[in-house]
Structure formats: structure tokens, C-alpha cells
Amino acid sequence: MRAARMVATLDEADTGDHICQVLGPTEDVLDRSRAFVADGALFGDKVMIVGPGLDAVGASAQLVVDPSRLEGSLIAAVRREAATAGREGFRTLRVLHHVTPGSWAGAPRELLRSELDLEEFAADSGALVVCAYSGGEWDASTLEDVRCVHPHYLGSRPASPAFQVYRTGKDGWTVNGVVDAEGADAFGAILRTLLERSATVRLLCHGLEFFDAAGMSVLADASRHLPDRKVVLEGTNETVRLAWDLSGFAVPRIPVVMVP
């Protein structure tokens, strides 16, 4: 089963990992890309580099993609390349996505949606996906939000995010940490995205410590966002279940089920 962890270097990355890497001001994007390509050649992986202005990575990367020139979504392009890599005899696909603010200006929810797509893809396909963010180009709140949907982390901010949501298996997502007022909006956006894809969203909450009032409100609101949807939280602790009951959310019109 996949588990959240920090990695000290990309050498520790493995198939099925989805890593959020925050680059410091002295770290060079092109150097990082070339090292990633070299590791791909070592392990027999097909390498896909996504980002603007990276043509200088060179021909050793099987594919260098400028996201502004994509026809269709990033996840569609990644899935196509993964299928092609299998037919061509590669071990797997490894993707290095240099995420820039220009690609996501004014659309924070779309950025979370894209990261959830990549998280699901990495977990279900066994591909390796690294999403690299330059710490100086992004505000702290955005970096905190995107880290919430990466189970693996590399970079200059060692503290874990307040909560994490990541793919556990074909039919569930793990939630751990604390969902409070600061992270409630991100959690609501994540949950709405998952409910758009599935009538029942199964959350494994053995590592969930607590929802505060804001967290419980967004859980209730998101569950009612679309008709005939349901959220099942498995492994919730007694504190979480009691707070949900005492806050008046445990009613039939809110399609949320909490079980130990």
C-alpha cells in the first residue's frame, strides 16, 4: 500500500511515486531535468519532460512538451505516452512536470484538479511523476495546497502539510492530518473534484486526526454539490465521529457516512 513519505533526493524515487519538489533559488531547472533524464536511461524508463522553454534538455529525453502547445489536457497526453512506453518496451513512464504560474494564472482549483489527475495516474499505472515548483514563483498558500495532494515530498520545506489526500487503491483515497479553517477550501475543492468522477467517494481516514467546524462544513457542502453522491469515511476515530454528530451534520440530507 502506498504511504506518505519524504525523499532526500530523486534517487530515492520509485515507480508509483508522485513527488512534489519545491526548488530553491539556486537550483537550476535544466540541470534537474538532465539528471532526471539520466536516471530514466539508467532504469529503462521513458522520460517525459513538461514545461516551457526546456528544449535545451536535449534529445536524450524521449519527449519534451511545452504545456501551452498541448492539444487537450496534460493528463490525456501523459496517459497516451504511458501506453506508448509500454508498447515500446520501457519499464514505465517517468514524468517531470515543471509547474509555472503562467500555466495556471487565476485557476487554483484547476491546478488541484491537474495534480489529482496525476496522483491517480501515478498510483494506478505505476508511473513515476515529479511535479517541480520554484519556491520563489509561488505563494506559500498555493504550495501548501498542492502539497496536500502529493504523498511524497522533496524540497526545502520539511514540515508536512496540515492534511494530505492521496490515492490508496483503485477504489479509495487516504486522508490524514487535520482539516481546519486554513485548509478547508482546498479540501472542499479536492472533494468536489473526486465526487465529479465517482458517485461514491471512499476516504480511508485512519490517519485523520480531526475536522474543525470549517472542515466539517466543507465536507457537508461538497457531499451535496452534485445529486446522488455519497462520501464514505472509513477508519474515523471517536473524536471525529462525535464532533460530526454534535455539530448536527449526521442527518439524512447530508450524504456522508462515517464508520470506525
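No experiment lies behind these values; they were computed from the predicted model shown. (Residues numbered from 1 in each chain as written. Predicted model: local features only at pLDDT ≥ 70, side-chain atom pairs only at ≥ 80, totals over all residues. Heavy atoms only, no water.)

1. Side note on unusual backbone geometry
Then step 1. Phi at Asp228 takes a positive value of approximately 60°, unusual for a residue other than glycine.
Then step 2. For Asp228, the location among the structural elements is in the loop between helix H6 (213-223) and strand S11 (230-234). (Helix = DSSP H or I, 4+ residues; strand = E, 2+ residues; numbered from the N terminus.)

2. What about the environment of Asp180?
Then step 1. With respect to the element layout, Asp180 can be found in the loop between strand S9 (172-179) and helix H5 (184-197).
Then step 2. The exposure class assigned to Asp180 is partly exposed, which follows from its relative accessible area of 24%.
Then step 3. Along the sequence, Asp180 and Arg32 sit 148 residues apart, while their C-alpha atoms lie 35 Å from each other.
Then step 4. Contact partners of Asp180, with chain neighbours within four places excluded, come to Asp212 and Ala214. (Buried < 20%, exposed > 50% of the residue type's maximum accessible area, 1.4 Å probe, protein only. Contact = heavy atoms within 4.5 Å.)

3. As for the sheet that holds strand S12 (residues 256-259)
Then step 1. Spatially, five strands are ordered S8-S9-S10-S11-S12 in an open sheet, and the strand pairing comes out mixed. If you trace the sheet from one side to the other, it starts and ends with strand S8 (163-169) and S12, each paired once. With direction set aside, neighbouring strand axes in the sheet form an average angle of 25°.
Then step 2. Strand direction decides the pairing type here: strand S10 (residues 200-211) and S11, joined by five bridges, are parallel. The residue of S11 that forms the bridge with Leu204 is Glu234.
Then step 3. Helix-sheet contacts for helix H7 (residues 238-246) involve S10 and S12, and the interaxial angle to S10 is about 105°. (Pairing = 2+ DSSP bridges. Axes fitted to C-alpha atoms, helices over the stretch in contact; angles between N-to-C directions.)

4. Quick look at helix H3 (residues 108-125)
Then step 1. The terminal C-alpha atoms of H3 lie 26 Å apart, and with 18 residues this matches the ideal 26 Å at 1.5 Å per residue to within 8%.
Then step 2. For H3, the full list of buried residues reads Leu111, Leu112, Ser114, Glu115, Leu116, Asp117, Leu118, Glu119, Glu120, Phe121 and Ala122.
Then step 3. In the segment just after H3, Gly126 is the residue with positive phi, at about 80°. (Expected span 1.5 Å × (residues − 1).)

5. Notes on H5
Then step 1. Here H5 is 14 residues long and its end C-alpha atoms lie 20 Å apart, about the 20 Å a rise of 1.5 Å per residue gives.
Then step 2. In terms of burial, H5 is a largely internal element, ten of the 14 residues being buried.
Then step 3. Listed as buried for H5 are Ala184, Ala186, Phe187, Gly188, Ala189, Ile190, Leu191, Thr193, Leu194 and Leu195.

6. Digging into the packing of H5 against H6
Then step 1. For the pair H5 and H6, interaxial distance at closest approach is 9 Å and the crossing angle is 20°. The angle between H5 and H6 falls in the class roughly parallel. By crossing handedness, the relation of H5 to H6 is classed as right-handed. Residues Ala184, Phe187, Gly188, Leu191, Arg192 and Leu195 of H5 pack against Ala214, Gly215, Val218, Leu219, Asp221, Ala222 and Ser223 of H6.
Then step 2. Classifying every residue of the contact of H5 with H6 by side-chain character gives eight nonpolar, three polar and two charged. (Parallel < 35°, antiparallel > 145°, perpendicular 65-115°, else oblique. Left-handed = near helix turned anticlockwise from the far one by under 90°. Nonpolar A, V, L, I, M, F, W, Y, C, P; charged D, E, K, R; others polar.)

7. Considerations on the environment of Thr168
Then step 1. Of note, Thr168 is situated in strand S8.
Then step 2. Classification of Thr168 by relative accessible area gives buried; the value is 15%.

8. Regarding the side chain of Arg94
Then step 1. When you line up the elements, Arg94 lands in strand S5 (residues 93-99).
Then step 2. For Arg94, a relative accessible area of 5% corresponds to the buried category.
Then step 3. One polar contact links Arg94 to Asp45, side chain to side chain, over a distance of 3.1 Å.
Then step 4. With sequence-adjacent residues up to four places away left out, Arg94 is seen in contact with Phe36, Asp39, Gly40, Phe43, Asp45, Lys46, Val47, Met48 and Leu128. (Polar contact = N/O pair within 3.5 Å; in protein donor to acceptor, adjacent residues only side chain to side chain.)

9. Notes on the nonpolar core
Then step 1. By size, the foremost hydrophobic cluster in this structure holds 36 residues, and its most contacted members are Phe187, Leu191, Leu203, Phe211, Leu219, Leu233 and Trp244.
Then step 2. Of the residues forming this core, the biggest block, eight residues, is contributed by H5.
Then step 3. Excluding residues within four positions of it along the chain, Leu191 makes contact with Val201, Leu203, Leu219, Ala222 and Val231.
Then step 4. Within the second largest apolar cluster, 24 residues are counted, among which are Cys20, Leu111, Leu143 and Tyr153. (Core = buried A, V, L, I, M, F, W, Y, C linked by side-chain atoms within 4.5 Å.)

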